[in-house]
Structures are given as structure tokens and as C-alpha cells.
Amino acid sequence: MAVATPPMLSAVLGPLAWEWGQNKWNAEELQQRIELGKKDIKDRYGVTVSITPGEFPLEDKVQRSELFTKEVASLYIRFKALESVEGVLSQYPSPLVRKYVREIRIVKDLEMVSPSGMVDSASGTVDYAKKLIVTNVIPLLDAHFALLGDVPSKKTLHHEIAHLVCRDIPDSEWKALHPGVEYLSFFAKGVGDEEAAEGFIRAHSMTSPGEDIATVAEVILRPGSQYSDKLQKDSILNRKAGYLKNWYEKESDGLMNNTFWEDLKAGRVDQQYWQRREETK
């Protein structure tokens, strides 16, 4: 199977160059690079990336760093959002992304309403029919991380992609991996991540099979994350991880096989990974 070369925003957008206290970007240049990056992702993956207009929570923090004017700060947040999306999509074979994801929409704020009418903030959600992912910018508290971190978080993007890719996993098969499992409620209020029961990554996992699946997926796709050790030490989580790796291999027509998972763990999955795999077939 032919695999499209992953997007190279480092080439399209260019390196982020600045000197402390000096604005090295102008609004027109940033806007051009953002539009080129969006086009590249659309061409390579068939995914439209849209970023809501208006101010983001981080803009004032970025501006206070004295690196950017307010206008450039606004565009810079969008630049970082696009960079996060590109970094996540480059881990997947292009055909898998094209099959399951049509649009990624990044918004300022996102709220979810439970069946009982309870409203709470959320970091992401999906529309299965539209193959749409909606995620918010993460409310980073420090200008340093606003400049250098992920906006939105890559963990959230992997989590929402997993909802789409893994939507057809039968509940019965998943529950069989965790004998006697009982899921709690929509939000699992009052349960901290450190209190997550055996077989669960964190509290959010305990709300439904779908959230359990997506939360395990976000960990196996980010080796070295804060929950990786827990996954290795918990036999139930280990079974769940093995099941998901097999599922991703099947859904990617064999591309995300044992070689991929070994390479991912070893840090060999970079932006050129799928191109190298194609060349060595």
C-alpha cells in the first residue's frame, strides 16, 4: 500500500526563530505560514484544521513576554495549535487518518453537558458522523510553556482520534479484558486520578468503555508519559494495551504492527518515519 509522506511543517512553516525581547515575526508572515501548513495537512491527510477566531486565553501571557505584539501573539497561538496537530498526525499512517478523521476544530472553550444536565469543561470531543474532533487550547499558566509547549495537548488529540478509530470495538470484548469491571458515571466527580481503580489509567477511564479505551490509547501512543509505568505494572492494563495494539494494526491494514510499536517506544517514529517504512518495503 502506498503511504503518503507525512506533513513536514518544519519545512513548510520554517523554524520558530526569535531572540528574547525582540519580535522576529510579523503578522503577515505568520498568517502565510499557517495557511501553508493547513494546506499541507489537508493535502497529505485529507484533514481540515480550523481554528476559532477571537482571543485565546494564552494571548495576554504570550504578549506579556514582550516577544510579540497582541496581533502576532494571536497568530502565534494558532501556529502552535497547528504544530501540535501536525506532530500527532505524523505518528499515524496517512490512510488511517484519511479513513477516520475529516476535520479537527480548535476552539477557545469547550463545555460538555451530561444526560442529567450537568455542565462541565472538557478538553475534547468527537462527532462520529462528521469524523470531527473538537478540542480546546489548554489553559497553560506560564508564558514559558505557552511558548514552548503543546497547544492543544497531544494527549488530548491522541485520545480523540482513538474515539474515532476504536469506535467499533465491542463492549463485550473490552469488558472481558477486565473481569467484573463496573463503570461509574458520566463525569466520575470526586474521584482523583490517583484513586483510579486497578485496571484503569485515570479517573476519566472509569466512566465508560469508550473513555477507558481512549485513555489507554493515549498512553500507548505516547511512550514515556506519566502513566506508562502504571500500564506496564498493571496486568489488566497490559492486556488492554495489547488488545489496542492489535486493533490499530488491523485498522491500519498491518502498518501499525509490532515494528511500529517497537520503533515508537525506542523514539524512532519521527516525521519521516512512514516515508522510511515505505522506502524499505
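Thresholds applied
- Residue indices begin from 1 for each chain and proceed along its sequence in written order.
- Where totals are concerned, whole chains, interfaces and linings use all residues; where local detail is concerned, this predicted model gives features only for residues with pLDDT of at least 70, and gives and counts side-chain atom pairs only at 80 or more.
- With hydrogens and water excluded, all non-hydrogen atoms of the structure serve as input to the side-chain values.
- By convention a nonpolar core is built from buried Ala, Val, Leu, Ile, Met, Phe, Trp, Tyr and Cys residues, the set being connected through side-chain atoms within 4.5 Å.
- Think of it in three bands: with a 1.4 Å probe and only protein chains considered, a residue is buried below 20% of the maximum accessible area for its type, exposed above 50%, and partly exposed in between.
- Here a strand is any run of E in DSSP of at least two residues, a helix any run of H or I of at least four, and the numbering for each starts at the N terminus.
- Contacts are assigned to residue pairs that have any heavy atoms within 4.5 Å of one another.
- Only one rule defines a salt bridge in this text: a Lys or Arg side-chain nitrogen within 4 Å of an Asp or Glu carboxyl oxygen.
- One requirement defines pairing of two strands: DSSP has to find at least two bridges between them.
- Fitting a line to C-alpha atoms yields each axis, with helices limited to the stretch in contact; the angle taken between N-to-C directions then spans 0 to 180 degrees.
- Only the six-membered ring of Trp is used, alongside the rings of Phe and Tyr, when aromatic pairs are assigned; centres must lie within 6.5 Å, and planes under 30 degrees apart are stacked while those over 60 apart are edge-to-face, with the rest tilted.
- By definition, being over a ring means that NZ of Lys or CZ of Arg is both within 6 Å of the ring centre and within 35 degrees of the ring normal.

K.L.:
Requested: an account of the nonpolar core, with residues and values cited.
P.N.:
Among the nonpolar cores identified, the biggest contains 66 residues, and Leu-244 and Tyr-248 are the most heavily contacted of them. The greatest single-element share of this core, amounting to 10 residues, is contributed by helix α4 (residues 70-89). If sequence neighbours within four positions are ignored, Leu-244 has contacts with Cys-166, Ile-169, Trp-174, Ile-213, Val-216, Ala-217 and Ile-220. Ranked by size, the runner-up nonpolar core spans five residues in total, among them Val-107, Leu-110, Ala-122 and Leu-132.

K.L.:
Lay out the pattern of salt bridges in plain terms, naming residues and giving numbers.
P.N.:
In the structure shown here, the tally under the stated rule is 11 salt bridges. Arg-44 is paired through a salt bridge with Asp-40; the nearest N and O atoms lie 2.8 Å apart. Here Arg-44 pairs with Asp-40, and both are found in helix α2 (residues 27-45), just four residues apart, close to one helical turn. For Glu-251, the salt bridge goes to Lys-99, with nearest N and O atoms at 3.4 Å. With Glu-251 in helix α11 (residues 235-251) and Lys-99 in helix α5 (residues 94-100), this pair connects stretches of sequence that are 152 residues apart. Given a relative accessible area of 42%, Lys-99 falls into the partly exposed group. In the salt-bridge network here, residues are joined through shared partners; they are Lys-99, Lys-250 and Glu-251.

K.L.:
I'd like a description of the sheet that holds strand β2 (residues 103-107), backed by residues and values.
P.N.:
The strands that make up a sheet are held in pairs by hydrogen bonds between backbone atoms, and each pair lies either parallel or antiparallel. If you trace the four strands from one edge of the open sheet to the other, you get β1-β2-β6-β5, paired in mixed fashion. Edge strands, defined here as strands with exactly one partner in the open sheet, are β1 (48-51) and β5 (124-127). Taken pair by pair, the neighbouring strands of this sheet meet at an average axis angle of 15 degrees, ignoring direction. When β5 meets strand β6 (residues 132-136), the two strands line up antiparallel, connected through four bridges. Pairing of Val-126 across the sheet is with Ile-133, part of β6. Running over the sheet, helix α7 (residues 154-165) touches β2, β5 and β6 and is turned about 25 degrees from β5.

K.L.:
Explain the packing of aromatic side chains to me, using residue names and the numbers behind them.
P.N.:
Ring pairs (aromatic) are described by centroid distance and by the angle formed between their planes. Applying the stated criterion to the full structure yields seven aromatic pairs. Their ring planes at 75 degrees and their centres at 5.8 Å tell us that Tyr-183 and Phe-200 sit as a pair that is edge-to-face. Here Tyr-183, found in the loop between α8 (171-176) and α9 (209-220), pairs with Phe-200, found in the loop between α8 and α9; they are 17 residues apart in sequence, far enough to count as distant. Residue classification places Tyr-183 among the buried residues on the basis of a relative accessible area of 18%. When the centroid spacing of 4.9 Å and the interplanar angle of 75 degrees are considered together, the rings of Phe-260 and Trp-261 count as edge-to-face. The same class applies to Phe-260 and to Trp-261, which are both buried. Among the aromatic side chains, those forming a connected cluster through ring pairs are Tyr-248, Phe-260, Trp-261, Tyr-273 and Trp-274. Across from the ring centre of Trp-247, 3.9 Å away, lies the NZ or CZ of Lys-250, which sits over that ring.

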